[in-house]
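Each chain, letter by letter, is given below.
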Amino acid sequence: MNRFAGTAVVILALCGWLPATTHAQDDLKLTPEKMSSLGYVPREDSAAVPNQPYRRYFTTDRFGREITFYLSAGPAKQGLLPLVVYIEGSGSASLFHESKGKVVPAGGHIVVQEVADGRARVLIVEKPGVKFLDEPRTEEEQSGSVEFRREHTLERWAEAVEAAIRATGRVPGVRPGKVLVIGHSEGGLVACRVARELPEVVTHVASLAGGGPSQLFDLITLTRSGSFFRSISEDPEVRVRHVCDRWRDILADPQSTEKIFFGFAYRRWSSFLASSPMEELTSVHAKIYVAQGADDDAVDPASGDALDAHLRAKGKDVVYDRVAGANHSFRIKAMPKVDGWQQLMERIVEWFLLR
């Protein structure tokens, strides 16, 4: 690979924003004009998001899609600040909702912004197929629009985030060379994929209740324990057979956007379950933070334990934050006045800034 093939490539590499991945190899074959036409160029919206500390931007990814992302404002005299990327969990809702005529944040990102304010810029990305202020209200709407069900695969969602990160690298005030990607729940796997595909950009990655082995492990173990599909049968093994039968159905029609299992299209399941944080992080050289609630009933805590053990066995630089009594959102039932989510974000941001 000729690392000096094109002035634009040299500039990106010097700024620390060029990923050494298959995608980067494709970029190296392009002229600067073609790179610009393909995207990764930030286009700022004319107005800020109402009532929110973000500016809205657009860029074009390698699939030719317009990606919408939001970047927290940086103080005018603050200078260059590192970047924190937050990737939300599953669902087809926008990062913002409307309540009583005002735009309000959704999905937990505002806590990240508040904790990092003045010390880092925060980047959040709308999922392709989700429009600003989209808020599913019925069970039918939960699986998302036709466009969302088509676009929501691990590869295509990760590329949207990567495009936003690359575009953000061209925004004034963002410091190159220090980037943290945080993913919660489903977003944990996406964060791991982004860290693997942007090794020269992402320096730190955090997976929060993101599992360890494939999500199929969590589906089976939590179904057996009765957390999932209790209505199917009181017999744990009957419930597990139900999940395994549905998985065989998914494998028989893996690209279907119309067939739904457990709230998501078959296309989503076949894509996300084809990998795992274990697989993605094995080749990552970034510093790693794994957080897991001990009372999580959406991801088996054993998944976090397994991921921690796997990474340590591979000699990775990993911090394992296993939070006693915490649920999937890191709320602690026995301590209702404690904001476990905020405390976790404070620990992660401090870890990022100090290491």
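Here we summarise the structure given alongside this text. Keep in mind that what you see is a predicted model, and the values were worked out from it rather than measured.

### Things to note about the packing of aromatic side chains
Using the criterion set out here, one finds 14 aromatic pairs in the structure. Between F261 and F262 the ring centres are 5.9 Å apart and the planes differ by 40°, which places this aromatic pair in the tilted class. For F261, a relative accessible area of 7% gives the class buried. Pairing F330 with W341 gives two aromatic rings, centres 6.4 Å apart and planes at 45°, and the pair type is tilted. Taken together, the positions of F330 in the loop between strand 13 (318–323) and helix 14 (340–354) and W341 in helix 14 put the pair 11 residues apart, joining distant regions of the chain. Through a chain of ring-to-ring contacts, three or more aromatic side chains come together here, namely F228, F229, F261, F262, F264 and W269. Positioned over the ring face of F63 is R156, at 4.2 Å from the centre of the ring. For K178, the ring lying beneath its charged end belongs to F352, and the centroid distance is 4.8 Å.

### What to know about helix 7 (residues 154–168)
Over its 15 residues, helix 7 runs 21 Å from end to end, which matches the ideal 21 Å to within 8%, given 1.5 Å per residue. Across the 15 residues that make up helix 7, a large majority, 14, are buried.

### Side note on unusual backbone geometry
Within the chain, N51 stands out as a residue other than glycine whose phi angle is a positive 65°. We classify N51 as exposed; its relative accessible area is 56%. Despite not being glycine, L133 shows a phi value in the positive range, around 75°. Along the chain, L133 turns up in the loop between strand 7 (121–125) and helix 5 (139–142).

### Considerations on the pairing of strand 7
Counting buried residues along strand 7, 5 of its 5 residues qualify, which places the element largely inside the surrounding structure. Burial of the side chains of strand 7 extends over both faces: R121, L123 and V125 are buried on one face and V122 and I124 on the other. Pairing geometry for strand 3 (residues 66–72) and strand 7, over 3 bridges, is antiparallel. Bridging across to strand 7, Y70 finds its partner in I124. Where strand 4 (residues 81–87) and strand 7 come together, 4 bridges link them in parallel fashion. Pairing of V84 across the sheet is with V122, part of strand 7.

### Quick notes on the packing of helix 4 (residues 109–116) against helix 14
Where helix 4 contacts helix 14, the axes come no closer than 9 Å and their chain directions differ by 50°. What the angle tells us is that helix 4 and helix 14 run oblique. Considering only the axes of helix 4 and helix 14, their crossing is right-handed. Contact residues: helix 4 offers V111, V112, V115 and A116, while helix 14 offers W341, Q342, M345, E346 and V349.

### Digging into the pattern of salt bridges
Tallied over the entire structure, the rule returns 27 salt bridges. Where R55 meets E44, a salt bridge forms, and the shortest distance between an N and an O atom there is 2.9 Å. Remark: E44 occurs in strand 1 (residues 43–48) and R55 occurs in strand 2 (residues 54–60); sequence separation between them is 11 residues. What makes R55 partly exposed here is its relative accessible area of 27%. We classify E44 as partly exposed; its relative accessible area is 45%. Notably, a salt bridge pairs E280 with R193, separated by 2.9 Å at the nearest N-O pair. Note that E280 is positioned in helix 12 (residues 277–281) and R193 in helix 8 (residues 186–197), a separation of 87 residues in sequence.

### Re the layout of surface pockets
Approximately 480 Å³ is the volume found for the largest pocket. Lining the largest pocket are 25 residues, with S90, S185, Q215, R268 and A298 positioned closest to its centre. Elements that contribute at least two residues to the lining of the largest pocket include exactly helix 8, helix 9 (215–225) and helix 11 (266–272). For the lining of the largest pocket, the class distribution of residues is 13 nonpolar, 9 polar and 3 charged. Taken together, 17 residues form the lining of the second largest pocket, with E66, T68, G129, V130 and K131 sitting closest to its centre. Among the secondary structure elements, those contributing two or more residues to the lining of the second largest pocket are strand 2, strand 3 and helix 6 (146–151). Top contributing element to the lining of the second largest pocket by residue count: strand 3, with 4 residues.

### Observations concerning the sheet that holds strand 1
Taking strand neighbours across the sheet as the criterion, the 9 strands line up as 1-2-3-7-4-8-9-12-13 in an open arrangement whose pairing is mixed. Each edge of the open sheet is held by one strand with a lone partner, namely strand 1 and strand 13. Across this sheet, the average inter-strand angle for adjacent strands is 20°, counted without regard to direction. Helix 7 rests against strand 2, strand 3, strand 4, strand 7 and strand 8 (174–184) of the sheet, and its axis sits at about 145° to strand 7.

### Comments concerning the packing of helix 9 against helix 10 (residues 236–252)
Interhelical geometry of helix 9 versus helix 10 gives an angle of 150° and a closest axis separation of 7 Å. When the interaxial angle is binned, helix 9 and helix 10 end up roughly antiparallel. Seen along the crossing, helix 9 lies across helix 10 with a hand that is right-handed. Residues L216, L219, I220, T223, R224 and S225 of helix 9 form the contact with helix 10, whose participating residues are P236, E237, R239, V240, V243, C244 and W247. Residues of the contact of helix 9 with helix 10, tallied by class, amount to 8 nonpolar, 2 polar and 3 charged.

What counts, and where the lines are drawn
Think of each chain on its own: its residues are numbered from 1, step by step along the sequence as written. Thresholds applied to this predicted model are a pLDDT of at least 70 for local features of residues and 80 or more for the giving and counting of side-chain atom pairs; totals over whole chains, interfaces and linings are not thresholded and use all residues. The side-chain quantities take in all heavy atoms of the structure and omit both hydrogens and water. Note on aromatic contacts: the rings of Phe and Tyr and the six-membered ring of Trp form a pair at centre separations within 6.5 Å, being stacked when their planes are under 30 degrees apart, edge-to-face when over 60 apart, and tilted otherwise. Here the term buried applies to any residue with accessible area under 20% of the maximum for its type, exposed to any over 50%, and partly exposed to those in between, with areas from a 1.4 Å probe on protein chains only. Per the convention used, a helix needs a DSSP run of H or I reaching at least four residues, while a strand needs a run of E reaching at least two, with both numbered from the N terminus. Two thresholds decide whether a charge sits over a ring: the Lys NZ or Arg CZ must be within 6 Å of the ring centre and within 35 degrees of the ring normal. By definition here, a helix of n residues has an expected span of 1.5 Å times n minus one. Two strands qualify as a pair provided DSSP detects at least 2 bridges between them. Angles shown run from 0 to 180 degrees and are taken between the N-to-C directions of axes, each axis being a line fitted to C-alpha atoms and, for helices, limited to the stretch in contact. If an angle is under 35 degrees, it is roughly parallel; if it is over 145, roughly antiparallel; if it lies from 65 to 115, roughly perpendicular; otherwise it is oblique. Here a crossing is called left-handed whenever its near helix is offset anticlockwise from the far helix by less than a right angle, and right-handed whenever the offset is clockwise. We call two residues in contact whenever any of their non-hydrogen atoms come within 4.5 Å of each other. Any Lys or Arg side-chain nitrogen found within 4 Å of a carboxyl oxygen on Asp or Glu counts as a salt bridge. The distinction between a cavity and a pocket rests on a 1 Å grid over the protein atoms alone: a 1.4 Å probe fits inside a cavity but cannot get out, while a pocket stays open yet meets protein on both sides within 12 Å along at least five of seven lines, and a residue with an atom within 4 Å of a point counts as lining. Grid points are joined across faces, edges and corners, and a volume is the space filled by probe spheres set on the points. Put simply, Ala, Val, Leu, Ile, Met, Phe, Trp, Tyr, Cys and Pro go in the nonpolar bin, Asp, Glu, Lys and Arg in the charged bin, and everything else, Gly too, in the polar bin.

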